[in-house]
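# Summary of the model geometry
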Amino acid sequence: MFNAALRTVRPVVVRSARRSSPSTPFRALSTTTPRFSGPAPPSLFGEGAKSGEIPSDEQQATGLERFQLLGEMHGVDAFDLEPLDSSRVGTLEDPVKVFSLDTSRIVGCTGSPAESHELHWFTVKKEKNRRCPECGSVYALDFQGVEHHDAHHH
């Protein structure tokens, strides 16, 4: 169920229309509806509560919150909230890798060993490594997402 919900996060639009009277003189190449194997994936929209009831989190959660709840129900951590490796200082030759499904990620550095300086926040991008201004540790993005899937960013 969780893996199926993960697949529904990516926008997929399937349109199939069967018209009894065509509006144009051209005939469609295919007029059959698509066939899918297996059950439909779970929706990222909760079913909501019945009239007169107070909804639970599972019933009213939508989007990323529902994605996280489905993951917790299956014992999977949907979001990587573990701290980065602070046992070493990243170098240009061997930077600290930051997992990301997006082309950029915000990283907070507290130094090596941990808590050796104040917290510094900066953005690591796919194209370029970033260096902490305090300790000099280098961070690189370990991009695992879909290439050119960031067209929705403005």
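Residues numbered from 1 in each chain as written. Predicted model: local features only at pLDDT ≥ 70, side-chain atom pairs only at ≥ 80, totals over all residues. Heavy atoms only, no water.

By the naming in an unreviewed UniProt entry, the protein goes by Cytochrome c oxidase subunit 4, mitochondrial and is assigned to Suillus placidus. The protein has a UniProt comment under Sequence similarities (unreviewed entry) that states "Belongs to the cytochrome c oxidase subunit 5B family." The annotation that UniProt attaches to the protein under Subcellular location (unreviewed entry) is "Mitochondrion inner membrane". (UniProt positions renumbered as here; feature names shortened; annotations may be inferred.)

UniProt's feature table lists "binding site: Zn(2+)" (unreviewed entry) at Cys109, His117, Cys132 and Cys135, given in the numbering used throughout. These annotated residues cover 27 residues of sequence, and their C-alpha atoms all fall within 10.8 Å of one another, placing them together at a single site. Put simply, the named residues that line the largest cavity are Cys109. Its location among the elements puts Cys132 in the loop between β4 (130-131) and β5 (138-143). (1 Å grid on protein atoms, 1.4 Å probe; cavity = no way out; pocket = protein on both sides within 12 Å on 5 of 7 lines; lining within 4 Å. Helix = DSSP H or I, 4+ residues; strand = E, 2+ residues; numbered from the N terminus.)

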